[in-house]
Amino acid sequence: MNAQKVLSDLKRRFPNEPEYHQAVAEVLGTIEEAYNEHPEFDRYNLIERLCIPDRVFSFRVTWVDDKGQVQTNMGYRIQHNNAIGPYKGGIRFHSSVNLSILKFLAFEQTFKNSLTTLPMGGGKGGSDFSPRGKSDAEIMRFCQAFIAELWRHIGPQTDVPAGDIGVGGREVGYMYGMYKKMARENTGTFTGKGLEFGGSLIRPEATGYGNVYFLLEMLKTRNIDIKGKVVAVSGSGNVAQYTVQKLISLGAKVITMSDSNGYIYDPDGIDEEKLAYIFELKNLYRGRIREYAEKYGCKYVEGARPWNEKCDIAMPSATQNEIDGDDARALLANGCFAVSEGANMPSTPEAIEEFINAKILYAPGKAANAGGVSVSGLEMTQNSIKLSWTKEEVDARLKQIMFDIHTQCVKYGTQSDGYVNYVKGANVAGFMKVAKAMMAQGVL
Ligand code: NDP
Ligand code: 2IT
């Protein structure tokens, strides 16, 4: 394989998809060597079959708003690769959603799911519908209209969606309800469901907790204690909230959180009581993070990201490309020694280069945020055996999975000087499993 040529061919065939090109470029740049050790891969053109999704569904979603106006949005589902299990991955509702973003997410998901040690392929879906400012009834009607189109293409053994940006327990509940009505089956074709109807304990917590468990494994390699460390977190949604909760319980000091309007800086640290306010603000009233600063009298910076604040550890948990080269240089200049990604692809290629050149602990999202989809996999297992595990059992399994992912990254990413390149480790480990499964199943 010649990574540059594969990439330029993809860019020619699929123009105007920069996020998709970015995600593919990052993986190709790190797996080229491992790939070329297996000449049989090239004979079967494995790389194109792995980079181009198996199929893409796109459809119009039509719904009626509270004023009686008929609205249209676009809906998508990318079934990227099912070599190791059913397509699996979240659904994103956000005004920025387009094919490029969902293709990058489905591509990433394939490697992430491979790393989890569970049998799941990769997929992603979503819509350019923005839940912001919509009533509960509008959200429900939109979810039902979305599933009226999508339900034929998903199922417990074929494709199992879950949440992502703009899709949490409420939206999964509405989508799953409509799915059941259309498909007339009750076997759990969604994860992140409510606890009363097949959801798993610890699924809401899983991405944030898992990211902190991964961070602890990284810190252990340098004998660093998390206690007392200053952490900058971005986002204030599902992933950010549970990241902060776990960090507080371990004695770390979280000084920032953000939303798409700006960030708050709390020099005293966000404690349990303040975090309870954020849960209420974001999950119940669906307000803005600025209100935290008003309530607790701390700094709020409109239209900016938190990476200029001095911290030991950064945990980006909002969205893609939220740390650019300048942000990375600011973090490093302020002494940041670990970055563990809760979001998918939050660091630009330039930022990643800065982190790796500086040899800090840097965990890419596909390793560090894999806890969410891992507990989704455990939810599928519980649905299959028609049992529910305790939170202790699920949490213990989550910890073990994050430990195993870390071990795989160390195995495939340790350089001759001892530095662990987690990007390379995660990509090569994730890739090899999918590649071997594809080879064994023939040219499809
Ligand atoms: P939520 O919708 O719960 O929260 C998203 C947060 O990020 C909100 O604070 C939101 O602010 C902010 N945000 C969203 N888009 C932007 C943007 N364009 N610029 C700045 N801020 C933005 O989503 P999640 O917490 O579930 O997801 C966060 C990240 O984690 C995403 O990258 C997602 O793909 C990833 N992830 C999620 C998993 C999960 O299980 N949920 C699993 C693994 C990864 P606002 O309220 O203003 O929109
Ligand atoms: O990016 C992700 O891993 C998710 N949004 C979770 C996917 C899932 O199927 O739980």
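The notes below deal with the structure included here.

The rules behind the values
- Residues numbered from 1 in each chain as written.
- Chains lettered and ligands numbered in written order.
- Predicted model: local features only at pLDDT ≥ 70, side-chain atom pairs only at ≥ 80, totals over all residues.
- Heavy atoms only, no water.
- Helix = DSSP H or I, 4+ residues; strand = E, 2+ residues; numbered from the N terminus.
- Rg over C-alpha atoms; globule rule 2.2 N^0.38 Å.
- Buried < 20%, exposed > 50% of the residue type's maximum accessible area, 1.4 Å probe, protein only.
- Contact = heavy atoms within 4.5 Å.
- Areas by Shrake-Rupley, 256 points an atom, 1.4 Å probe, with all protein chains shown as cover.
- Near = heavy atom within 4 Å.
- Polar contact = N/O pair within 3.5 Å; in protein donor to acceptor, adjacent residues only side chain to side chain.
- Nonpolar A, V, L, I, M, F, W, Y, C, P; charged D, E, K, R; others polar.
- Lys, Arg positive; Asp, Glu negative; His and termini not counted.
- Salt bridge = Lys/Arg side-chain N within 4 Å of Asp/Glu carboxyl O.
- Pairing = 2+ DSSP bridges.
- Axes fitted to C-alpha atoms, helices over the stretch in contact; angles between N-to-C directions.
- Phe/Tyr/Trp six-rings, centres within 6.5 Å; stacked < 30°, edge-to-face > 60°.
- Left-handed = near helix turned anticlockwise from the far one by under 90°.

Regarding the overall build of the protein
Line of reasoning, step 1. Tallying secondary structure elements over the protein gives 17 helices and twelve strands in all.
Line of reasoning, step 2. By the compact-globule yardstick of 22 Å for 444 residues, the protein fits well, its C-alpha radius of gyration being 21 Å.
Line of reasoning, step 3. In terms of overall dimensions, the protein has C-alpha extents of about 60 × 55 × 45 Å along its principal axes.
Line of reasoning, step 4. Expressed as a percentage of its 444 residues, the buried residues of the protein come to 58%.
Line of reasoning, step 5. Once local pairs closer than 6 in sequence are excluded, the contacts in the protein between residues at least 24 apart make up 71%.
Line of reasoning, step 6. Looking at the protein as shown, the accessible area adds up to about 17,800 Å², and 50% of this sits on carbon and sulfur atoms.

A closer look at the site of ligand 2
Line of reasoning, step 1. Near ligand 2, the surroundings consist of 14 residues, among which K88, K112, D164, R203 and S376 are the closest.
Line of reasoning, step 2. Between ligand 2 and K112, the relevant distance is 2.7 Å, taken from an oxygen atom to a side-chain nitrogen or oxygen of the residue.
Line of reasoning, step 3. In this structure, an oxygen atom belonging to ligand 2 sits 3.1 Å away from a side-chain N or O atom of K124.
Line of reasoning, step 4. Looking at the shell around ligand 2, the elements with two or more residues in it are β3 (87-93), α5 (99-115) and α15 (371-385).
Line of reasoning, step 5. Here the shell around ligand 2 is built from residues that sort into two nonpolar, seven polar and five charged.

A few points about the site of ligand 1
Line of reasoning, step 1. Near ligand 1 there are 26 residues, and of these D164, T207, S260, R288 and N344 occur at the shortest range.
Line of reasoning, step 2. The backbone of A318 places a nitrogen or oxygen atom 3.4 Å from an oxygen atom of ligand 1.
Line of reasoning, step 3. Within the backbone of G342, one N or O atom sits 3.4 Å away from an oxygen atom of ligand 1.
Line of reasoning, step 4. Within the complex, 83% of the 890 Å² of free accessible area of ligand 1 lies under protein.
Line of reasoning, step 5. Going through the elements one at a time, α8 (203-220), α9 (238-249) and β7 (253-259) are the ones with two or more residues in the shell around ligand 1.
Line of reasoning, step 6. Classifying every residue of the shell around ligand 1 by side-chain character gives four nonpolar, 14 polar and eight charged.

What about the side chain of E19?
Line of reasoning, step 1. Checked against the element boundaries, E19 lands in helix α2 (residues 18-36).
Line of reasoning, step 2. R92 provides the closest opposite charge to the buried, unpaired E19, separated from it by 8.5 Å.
Line of reasoning, step 3. Of note is the side chain of E19, whose polar atom sits 2.6 Å from the side chain of S100.
Line of reasoning, step 4. Excluding residues that lie within four positions of it along the chain, E19 makes contacts with S100, I101, F104 and M345.

What about the environment of A328?
Line of reasoning, step 1. With respect to the element layout, A328 can be found in helix α12 (residues 325-333).
Line of reasoning, step 2. Separated by 23 residues in the primary sequence, A328 and A351 place their C-alpha atoms 5.2 Å from one another.
Line of reasoning, step 3. Not counting residues within four places of it along the chain, the set of residues in contact with A328 comprises I323, A351, E354 and F355.

Side note on the sheet that holds strand β4 (residues 122-127)
Where strands meet in a sheet, backbone hydrogen bonds hold them as pairs that are either parallel or antiparallel.
Line of reasoning, step 1. Strand order in this open sheet of five strands is β1-β2-β4-β3-β5, and the pairing throughout is mixed. Two strands bound the open sheet, and with one partner strand each, they are β1 (55-64) and β5 (159-162). For this sheet, the mean inter-axis angle between neighbouring strands, taken without regard to orientation, is 20 degrees.
Line of reasoning, step 2. As paired elements, β3 and β4 share three bridges and run parallel to each other. Note that in β4 the partner of I91 across the bridge is G125.
Line of reasoning, step 3. In the packing of α5 onto the sheet, the strands contacted are β1, β2 (70-81), β3 and β4, and the crossing angle to β4 comes to about 150 degrees.

A few points about unusual backbone geometry
Line of reasoning, step 1. Of note in this structure, N16 is not a glycine but carries a positive phi near 60 degrees.
Line of reasoning, step 2. The exposure class assigned to N16 is exposed, which follows from its relative accessible area of 71%.
Line of reasoning, step 3. Positive phi, close to 50 degrees, is recorded for M345, a residue that is not glycine.
Line of reasoning, step 4. Mapped onto the secondary structure, M345 falls in the loop between β11 (338-340) and α13 (349-357).
Line of reasoning, step 5. The class for M345 is buried, based on a relative accessible area of 6%.

Re the packing of aromatic side chains
Line of reasoning, step 1. Applying the stated criterion to the full structure yields 22 aromatic pairs.
Line of reasoning, step 2. Judged by centre distance (5.8 Å) and plane angle (35 degrees), the ring pair of Y35 and F431 falls under tilted. Here Y35 is found in helix α2, whereas its partner F431 is found in helix α17 (residues 422-440), with 396 residues between them in sequence. In this structure, Y35 and F431 share a single accessibility class: buried.

Considering the pattern of salt bridges
Line of reasoning, step 1. In the structure shown here, the tally under the stated rule is 28 salt bridges.
Line of reasoning, step 2. The salt bridge involving K103 is made with E17; its shortest N-O contact spans 2.7 Å. Of this pair, K103 sits in helix α5 while E17 sits in the loop between α1 (3-13) and α2, and the two are 86 residues apart along the sequence.
Line of reasoning, step 3. Its relative accessible area of 4% is what places K103 among the buried residues.
Line of reasoning, step 4. Across the pair D164 and K124 runs a salt bridge, and its minimum N-O distance is 3.0 Å.

Digging into the side chain of S234
Line of reasoning, step 1. Positionally, S234 belongs in the loop between β6 (230-233) and α9.
Line of reasoning, step 2. The class for S234 is buried, based on a relative accessible area of 1%.
Line of reasoning, step 3. Here S317 takes part through its backbone nitrogen, which lies 2.9 Å from a polar atom of the side chain of S234.
Line of reasoning, step 4. Only 2.7 Å separates the side chain of S234 from the side chain of E322, close enough to count as a polar contact.

Looking at the packing of α2 against α17
Line of reasoning, step 1. Viewed as axis vectors pointing N to C, α2 and α17 meet at an angle of 65 degrees, and their least axial separation amounts to 9 Å. Handedness of the α2/α17 crossing: right-handed. Along the contact surface, α2 presents E26, V27, T30, I31, E33, A34 and Y35, while α17 presents V423, K424, N427, V428 and F431.
Line of reasoning, step 2. For the contact of α2 with α17, the class distribution of residues is seven nonpolar, two polar and three charged.

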